[in-house]
Amino acid sequence: MKLDIYYARRFLQWFLVIVAVLMTLVVLIDLNEQVRRFEAVDLSLAQLVGLTLLNIPAALSEFLPLIMILSTIVLFVGLARSSELVVTRAIGRSGIRALAAPVLMATVIGGLAVTMLNPIAAATANRYQDLAETYHNGGPSALSLSGEGLWLRQGGLRGQSVIHAKGYSGDSADITLFDVSIHAYSNAGGPVRRINADSARLDGSNWILTNAKVWPLTAGINPETGAAQHDELQLPTTLTTDRIRDTLGSASGISIYDLPSTIRELSAAGFTTKRYEVQFQAQLARPLFLIAMVLVGASFTMRHARFGGTGLAVLMAVLLGFGLYFIRNFAQILGENGQIPVALAAWAPPAAAILLTLGLLLHAEDG
């Protein structure tokens with residue numbers, strides 16, 4: 001037990017050190033990116049740093065597999081150079097048994113990443129998007145899919161607009177909404193006008209509304225008397241096609257606790273839910289994938305330093321880790337496109353990686 005606690009403490013120490021180093025680099029690089037992105041906006045250094053810090057949880061979540069494999073490599077290379085692995089084997093404990101503590105730590109870290117880091121990363125990502133839209137356009141833009149249809153909120157210099165559509169089509173080059181209702185508000189918060197249209201097509205920086213009826217909602221004017229009918233009407237917007245597609249197709253801004261209800265609502269509304277289902281299953285399988293990264297790092301570095309070739313072994317471990325990461329992402333893309341079942345896309349890569357690395361470890365231990 002004392003030996004397991006010692007290994008677990010060493011693993012956790014290196015994990016925290018690598019997290020601190022990588023996140024420091026991420027902050028410096030991302031801060032430079034924020035300066036470039038908002039060079040046309042008069043933002044203070046504190047605001048830029050705030051935007052950068054909001055990206056840290058998502059970056060940490062993305063870098064977890066790399067951090068895990070690097071922590072394992074540093075741990076076992078250090079144990080091999082100090083001959084502690086030789087002593088461990090000399091007392092009758094196998095190398096695979098020595099992996100119990102790092103694997104347990106990877107399981108705990110993976111569980112915390114799913115239950116705590118994922119909701120935090122989703123919340124900070126949404127907050128970053130709201131602030132970025134506010135700094136650029138004077139107000140946040142929001143998109144939401146529910147059983148009642150598609151909801152959008154766009155900001156602008158003249159105020160906010162809330163758009164509701166019962167149907168959505170994004171298969172072609174343009175985004176088209178059907179059975180559209182738009183409520184426009186001034187910067188003071190009061191309603192300005194209401195628009196109903198059969199459809200709205202996003203064309204550059206404008207919504208092209210078809211068969212639209214406009215009711216003014218200003219004080220002293222009868223809305224129905226002042227209403228106007230338009231065969232085609234242009235409405236300026238700060239939303240873009242890529243922004244809408246990325247938001248509607250991405251589950252990164254949705255907490256794992258909200259994904260099941262989101263999937264049910266989208267399914268009830270007739271929207272595809274494959275991407276959200278794959279994201280949900282992939283989050284559940286994350287601890288298993290982190291365990292696979294620990295086994296990958298250990299399979300190449302649990303050897304005595306006198307055998308030489310440590311640099312090559314480390315390189316092979318990192319390359320195999322990147323290869324497994326690429327295969328996992330590729331399987332998820334196939335799952336999102338419906339080419340393979342969702343469960344297979346999320347669970348097969350980490351399970352196959354664990355079996356592969358266990359085979360390498362058994363070969364290294366028993367020959």
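This is a predicted model, so every value here is computed, not measured.

Our focus in this paragraph is the side chain of T357. Among the secondary structure elements, T357 is positioned in helix α12 (residues 342-366). A relative accessible area of 0% places T357 in the buried class. A polar contact is formed between the side chain of T357 and the backbone oxygen of I354, at a distance of 3.0 Å. If we ignore the near neighbours within four places in the chain, the residues touching T357 are A292, L295, V296 and S299.

The subject of this paragraph is the pattern of salt bridges. Taken as a whole and assessed by the stated rule, the structure comprises three salt bridges. A salt bridge links R36 to E33, with the nearest nitrogen and oxygen atoms 2.5 Å apart. Placement of both R36 and E33 in helix α1 (residues 2-37) is noted, with a separation of three residues, approximately one turn of the helix. Here D203 and R201 are joined by a salt bridge, their closest N and O atoms 4.0 Å apart. For D203, a relative accessible area of 39% corresponds to the partly exposed category.

Its place among the elements puts Y325 in helix α11 (residues 310-336). Residues Y325 and L66, spaced 259 residues apart in sequence, show a C-alpha to C-alpha distance of 9.1 Å. Only 2.3 Å separates the side chain of Y325 from the side chain of E62, close enough to count as a polar contact.

To continue, consider the nonpolar core. Core analysis: the biggest nonpolar cluster contains 50 residues, and M68 and F76 have the highest contact counts within it. Among the secondary structure elements, those contributing two or more residues to this core are α1, α3 (56-81), α6 (100-137), α10 (286-301), α11 and α12. Leave out the neighbours within four places in its chain, and M68 touches F11, F15, A106, I109, L290, M293 and V294. Among the nonpolar cores identified, the runner-up in size contains 19 residues, and A165, I175, A197 and V214 belong to it.

Across all of its chains, the model carries two aromatic pairs by this definition. Each ring, one from F326 and one from F330, has its centre 6.3 Å from the other, and the planes form 15°; the classification is stacked. Of this pair, F326 and F330 both sit in helix α11, four residues apart, which is roughly one turn of that helix. Residue class for F326 comes out exposed when judged on its relative accessible area of 56%. One residue, R194, lies across the ring of W215, its end atom 5.5 Å from the ring centre. When the ring centre of F289 is taken as reference, the NZ or CZ atom of R328 above it lies at 4.4 Å.

Analysis parameters
Residues numbered from 1 in each chain as written. Predicted model: local features only at pLDDT ≥ 70, side-chain atom pairs only at ≥ 80, totals over all residues. Heavy atoms only, no water. Helix = DSSP H or I, 4+ residues; strand = E, 2+ residues; numbered from the N terminus. Buried < 20%, exposed > 50% of the residue type's maximum accessible area, 1.4 Å probe, protein only. Polar contact = N/O pair within 3.5 Å; in protein donor to acceptor, adjacent residues only side chain to side chain. Contact = heavy atoms within 4.5 Å. Salt bridge = Lys/Arg side-chain N within 4 Å of Asp/Glu carboxyl O. Core = buried A, V, L, I, M, F, W, Y, C linked by side-chain atoms within 4.5 Å. Phe/Tyr/Trp six-rings, centres within 6.5 Å; stacked < 30°, edge-to-face > 60°. Lys NZ or Arg CZ within 6 Å of the ring centre and 35° of its normal.

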